[in-house]
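So the chains spell out like this:
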Amino acid sequence: MTFIDMAKVAVSAPLQKAHYQFPRAQQLKEAVSSCLTDYYAKASSAAAFEARGVLVTGKSRVGKTRELQRLVRDINDSGETMPNGQPVRFVSCILSGHITWKSLGIATLDALGYPCSGQRTQNYIWDMVRQQAKRQGIIGIHYDECQHMFSDTGHTTNRVVLDSFKALLKDPGWPLILILSGVPDLAKHIENDTSSEERRQLRHLLRPVHFDMINPERDLGELNELAYSYADKAGVNFDGLSNADFLERLAFVSCNRWGLAIEMVIEAFTCCSLTGAEQVSMAHFDEVFSRTHGTQKGFSPFMMDDYIGVFDQNRLLKHLSRDD
């Protein structure tokens, strides 16, 4: 008995590896490149300096994580070096649930490949983070789903977190570039940094980049290009669905989230290829919706005229909800 459908793997794997180049990717690259350029220039002198960072926000499932993971990978693969001759290197940490500053230190050490017992003190843990980062030449850390570091009621704790992030940027022995990403509430917490100008608010040290959701009145052309990009990879013909009606339905089913739209496109194109069809159709997308939401075939926004009145986007999103 076999459990892995290798035929499906053969079709799906290249699509999973594919990367559609959104215009927002260039904006993100420019923001991080600015931080790296600033870091290199300052590191060229012997004086202590502070690093800069990037604040990336957007609703869940808009594709922040995938875009940032690719960017970190590209940075690490670039072969560029700092003035001390060490290669440019970043690490990433994905946070989940409420997390304390101590547990963040433990997660950071894990990302650095240096596991640490939770029985150690918070100061010891963060001292080891700085030592390991310096030893390995890590000059940047990406903290994903960073909103988990804050709460609406823990104002004192929030203040400690804000000051601690600033301390990483300003560390005299080894300053770190920070990329903080999360849902829009993260920006609200950063904006609540009311420290004095002399202490430089964290928000002044982070360049903001926002990932928008799909706007059907503006982005159908982009969604169409995305679909054609994946169709070329899958070897299927998308011409029959290249119209406003289908693209509006795809945006609706995806709850206007780019990440969900990509997942839907990959599954539908895989379904099309496995059936031996050359032309992708509404039926393929209906099949994917049926499997995903547990509905009967034909009962989907792809097949029904009054789909906006029948389906609730909030309920669709709740069914699919998970961290970005």
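No experiment lies behind these values; they were computed from the predicted model shown. (Residues numbered from 1 in each chain as written. Predicted model: local features only at pLDDT ≥ 70, side-chain atom pairs only at ≥ 80, totals over all residues. Heavy atoms only, no water.)

A. Region of interest: the state of the cysteines. One pass over the structure, following the stated rule, counts zero disulfides. Counting only cysteine sulfurs, Cys146 is the nearest neighbor of Cys35, a cysteine outside any disulfide, at a range of 15 Å. You can see Cys271 has no disulfide; the closest cysteine sulfur is in Cys272, sitting 7.4 Å from it. On the accessibility criterion, Cys271 (13% relative accessible area) is buried. (Disulfide = S-S within 2.5 Å. Buried < 20%, exposed > 50% of the residue type's maximum accessible area, 1.4 Å probe, protein only.)

B. Just the side chain of His284, in detail. As for its placement among the helices and strands, His284 is situated in helix H12 (residues 282–293). Overall, the relative accessible area of 10% leaves His284 in the buried class. Separated by 3.0 Å, the side chain of His284 and the backbone nitrogen of Ser281 make a polar contact. Aside from chain neighbours lying at most four places away, what touches His284 is Ala268, Cys271, Cys272, Thr275, Ala277 and Gln279. (Helix = DSSP H or I, 4+ residues; strand = E, 2+ residues; numbered from the N terminus. Polar contact = N/O pair within 3.5 Å; in protein donor to acceptor, adjacent residues only side chain to side chain. Contact = heavy atoms within 4.5 Å.)

C. Highlighting the packing of helix H9 (residues 220–234) against helix H11 (residues 258–274). Direction vectors running N to C along H9 and H11 enclose 35°, while the axes themselves pass 10 Å from each other. The way H9 lies across H11 gives a crossing that is right-handed. Residues Glu222, Leu223, Leu226, Ala227, Tyr230, Ala231 and Ala234 of H9 touch H11, and the partners they reach there are Trp258, Ala261, Ile262, Val265, Ile266, Phe269 and Ser273. In the contact of H9 with H11, the residues fall into 12 nonpolar, one polar and one charged. (Axes fitted to C-alpha atoms, helices over the stretch in contact; angles between N-to-C directions. Left-handed = near helix turned anticlockwise from the far one by under 90°. Nonpolar A, V, L, I, M, F, W, Y, C, P; charged D, E, K, R; others polar.)

D. Up close: the side chain of Asp171. Inspection of the secondary structure puts Asp171 in the loop between helix H6 (155–170) and strand S4 (177–182). Here Arg130 takes part through its side chain, which lies 2.7 Å from a polar atom of the side chain of Asp171. A distance of 2.8 Å separates a polar side-chain atom of Asp171 from the backbone nitrogen of Trp174.

E. Fine view of the packing of aromatic side chains. Going through the model one piece at a time under the given rule, you end up with 16 aromatic pairs. With a centroid separation of 4.9 Å and an interplanar angle of 80°, the aromatic rings of Tyr20 and Phe22 are classed as edge-to-face. Overall, the relative accessible area of 9% leaves Tyr20 in the buried class. Accessibility expressed as a relative area gives 5% for Phe22, which makes it buried. Aromatic side chains Phe285 and Phe302 sit 5.3 Å apart centroid to centroid with 45° between the ring planes, which places their arrangement in the tilted category. (Phe/Tyr/Trp six-rings, centres within 6.5 Å; stacked < 30°, edge-to-face > 60°.)

F. Summary view of the pattern of salt bridges. Going through the model one piece at a time under the given rule, you end up with 15 salt bridges. A salt bridge links Asp38 to Lys42; the shortest N-O distance between them is 3.0 Å. Linking Asp38 with Lys42, this pair stays in helix H2 (residues 23–43), spanning four residues, or about one helical turn. On the basis of relative accessibility, which here comes to 23%, the residue Lys42 falls in the partly exposed class. (Salt bridge = Lys/Arg side-chain N within 4 Å of Asp/Glu carboxyl O.)

G. A nonpolar patch on the surface, seen in detail. Taken together, the side chains of Met1, Phe3, Ile4, Met6 and Val9 make up a nonpolar region of the molecular surface, amounting to roughly 680 Å² of accessible area. With respect to the helices and strands, the residue Phe3 is situated in the segment before helix H1 (6–17). (Patch = residues over 30% accessible without salt bridge, like charges linked within 9 Å, V, L, I, M, F, W, Y side chains within 5 Å. Areas by Shrake-Rupley, 256 points an atom, 1.4 Å probe, with all protein chains shown as cover.)

H. Structural view of the sheet that holds strand S1 (residues 53–58). Reading across the sheet, the five strands line up as S2-S3-S4-S1-S5 and stay open at both edges, with parallel pairing between neighbours. The sheet is open, and its two edges are formed by strand S2 (89–94) and strand S5 (206–211), each paired on a single side. Taken over all neighbouring pairs, the strand axes of this sheet differ in orientation by 15° on average, direction set aside. Alignment of S1 against S5, held across six bridges, turns out to be parallel. Paired with Leu55 across the bridge in S5 is Pro208. In the packing of helix H3 (residues 64–77) onto the sheet, the strands contacted are S1, S2, strand S3 (138–144), S4 and S5, and the crossing angle to S2 comes to about 155°. Of the strands in this sheet, S2 and S3 are in contact with helix H4 (residues 101–111), which crosses S2 at around 130°. (Pairing = 2+ DSSP bridges.)

I. Quick peek at the environment of Val288. Relative to the helices and strands, Val288 is located in helix H12. With a relative accessible area of 3%, Val288 lands in the buried category. Along the chain, Val288 and Ile75 lie 213 residues apart, while their C-alpha atoms are 35 Å from each other. Those residues in contact with Val288 that lie beyond four places of it in its chain are Met264, Glu267 and Ala268.

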